[in-house]
Amino acid sequence: MAEIILNVDVRDGVGTGSARAARRGGFVPGVLYGGDKAPVAISVNEKDFRKSLYTGKLLGHLVTLKYGEETQPVIAKDVQFDPVSDRPMHFDLMRVDEKAAIKIEVPVHFKNADEAPFARQGGSLEVVRHVVEISVRADQIPEELIVDLTKAQMGDTIRISDINLPKGAEPTISDRDFVIATIKISSAALSEAADEAAQAEAATEE
């Protein structure tokens, strides 16, 4: 099962009144939905919820929901925050079969950019997609998709086929080899090249 366990209580009633009462009591209100069951209003102790949230392994990951002696796998789909205090105000959990495939967005991270040939050539990385939606078993969701830029050259285009996906995982966009990022010459390099050209032209006129 998942590393994170959320001990939940079932809330009486739904709506803003029930949610406010939960917050006053030191809880974060939420909703459990999905599968063939009706949505259930729940709440989690705010301190425990914050600890789970700040691990970075709550949103978009398989976690274990615990209610009394019962447990079940769920995916944390969304957390809403207060825009002023940044306090978690509401969350959504989705019921899942941990061995069944689900669609989920996974962040794309790039590494070794400083060591890449394009960095020495005055190029810059232009990211087209910061996240990619994939279909993957709930118990095999990767924390991130890695793009290794060690050999990236000026003018390269990085596509989804250049990323090693987990076994059995597939991008939900299946009709094309879509672009993740491109390597372009930076504006600073263009400006420097223009300055050098101007200086060279001025020197020949002297």
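Quick caveat: nothing in here was measured; it's all calculated off a predicted structure.

Assigned secondary structure in the protein chain consists of 4 helices and 13 strands. For the protein chain, with 206 residues in total, the buried portion stands at 35%. Accessible area of the protein chain: about 12,400 Å², with a carbon and sulfur share of 48%.

With 27 residues, the main nonpolar core has Ile75, Ile104, Val132 and Ile180 as its most contacted residues. Among the elements of the structure, strand 7 (101-111), strand 9 (131-137), strand 10 (145-148) and strand 13 (179-185) are those that each provide at least two residues to this core. Looking at this core, the element that brings in the most residues is strand 7, giving 4 residues. Discounting chain neighbours no more than four positions away, the residues touching isoleucine 180 are Val108, Phe110, Val127, Val128, Arg129, Val132, Ile158, Arg159, Ile160 and Ile163. Within the second largest apolar cluster, 17 residues are counted, among which are Val28, Ile42, Ala76 and Leu93.

Quick look at the pattern of salt bridges now. Under the counting rule described, the total for this entry stands at 6 salt bridges. The shortest N-O distance in the salt bridge between arginine 87 and glutamate 46 comes to 3.0 Å. Taken together, the residues arginine 87 in the loop between strand 5 (70-81) and strand 6 (88-95) and glutamate 46 in helix 2 (residues 46-53) connect sequence positions 41 residues apart. The partly exposed category is assigned to arginine 87, whose relative accessible area is 25%. The shortest N-O distance in the salt bridge between arginine 176 and aspartate 175 comes to 3.1 Å. Since its relative accessible area comes to 47%, arginine 176 is described here as partly exposed. A relative accessible area of 64% places aspartate 175 in the exposed class. Residues joined by salt bridges that share partners form a network here, namely Glu46, Arg50 and Arg87.

The next subject is the sheet that holds strand 13. Strand order in the open sheet made by the 3 strands is 8-13-11, with antiparallel pairing throughout. The two strands at the open ends of the sheet, each matched to only one other strand, are strand 8 (123-127) and strand 11 (157-159). Taken pair by pair, the neighbouring strands of this sheet meet at an average axis angle of 20°, ignoring direction. Bridging between strand 8 and strand 13 involves 5 bridges; their strand directions are antiparallel. Residue pairing across strands places glutamate 126 opposite threonine 182, the latter belonging to strand 13.

This part covers the side chain of threonine 182. As for its position among the elements, threonine 182 is in strand 13. Taking relative accessible area as the criterion, threonine 182 reaches 15% and is therefore assigned buried.

Let us now look at helix 2. Along helix 2, the positions that sit buried rather than exposed are Glu46, Phe49, Ser52 and Leu53. Viewed along the axis of helix 2, the buried residues span an arc of 120°, placing them on a single side of the element. For helix 2, the exposed residues lying more than 90 degrees away from the buried face are Lys47 and Lys51. Packed against the buried residues of helix 2 are strand 1 (5-10), strand 2 (27-33), strand 3 (40-45), strand 5 and strand 6. The backbone nitrogen of lysine 47 has a side-chain oxygen 3.0 Å away, supplied by the residue at the start of helix 2, namely asparagine 45.

Glancing now at the confidence of the model for the protein chain. Overall, the prediction assigns the protein chain a mean pLDDT of 86, with 87% of residues at 70 or greater. Looking over the protein chain, one finds the lowest element-wise mean pLDDT in helix 4 (residues 187-205), namely 53, and the highest in strand 12 (residues 170-171), namely 96.

As for its placement among the helices and strands, arginine 11 is situated in the loop between strand 1 and helix 1 (16-24). In this structure the side chain of arginine 11 is engaged in a polar contact, spanning 2.7 Å, whose partner is the backbone oxygen of isoleucine 42.

Once that is clear, we can look at the sheet that holds strand 3. Here we have 6 strands rolled up into a closed barrel, ordered 1-3-2-6-5-4, and mixed in their pairing. Taking the axes of each pair of neighbouring strands and ignoring which way they run, one obtains an average angle of 45° across the sheet. Pairing analysis gives 3 bridges linking strand 1 to strand 4 (residues 62-67), with the strands arranged parallel. Across the sheet, residue leucine 6 finds its bridge partner in strand 4, namely leucine 65. Against the sheet, helix 1 makes contact with strand 2, strand 3 and strand 6, and its axis sits at roughly 135° relative to strand 2, the strand it touches most. Packing against the sheet, helix 2 makes contact with strand 1, strand 2, strand 3, strand 5 and strand 6, and its axis sits at approximately 85° to strand 3.

Analysis parameters
Residues numbered from 1 in each chain as written. Predicted model: local features only at pLDDT ≥ 70, side-chain atom pairs only at ≥ 80, totals over all residues. Heavy atoms only, no water. Helix = DSSP H or I, 4+ residues; strand = E, 2+ residues; numbered from the N terminus. Buried < 20%, exposed > 50% of the residue type's maximum accessible area, 1.4 Å probe, protein only. Areas by Shrake-Rupley, 256 points an atom, 1.4 Å probe, with all protein chains shown as cover. Core = buried A, V, L, I, M, F, W, Y, C linked by side-chain atoms within 4.5 Å. Contact = heavy atoms within 4.5 Å. Salt bridge = Lys/Arg side-chain N within 4 Å of Asp/Glu carboxyl O. Pairing = 2+ DSSP bridges. Axes fitted to C-alpha atoms, helices over the stretch in contact; angles between N-to-C directions. Arc of directions from axis to C-beta. Polar contact = N/O pair within 3.5 Å; in protein donor to acceptor, adjacent residues only side chain to side chain. pLDDT = per-residue confidence, 0-100.

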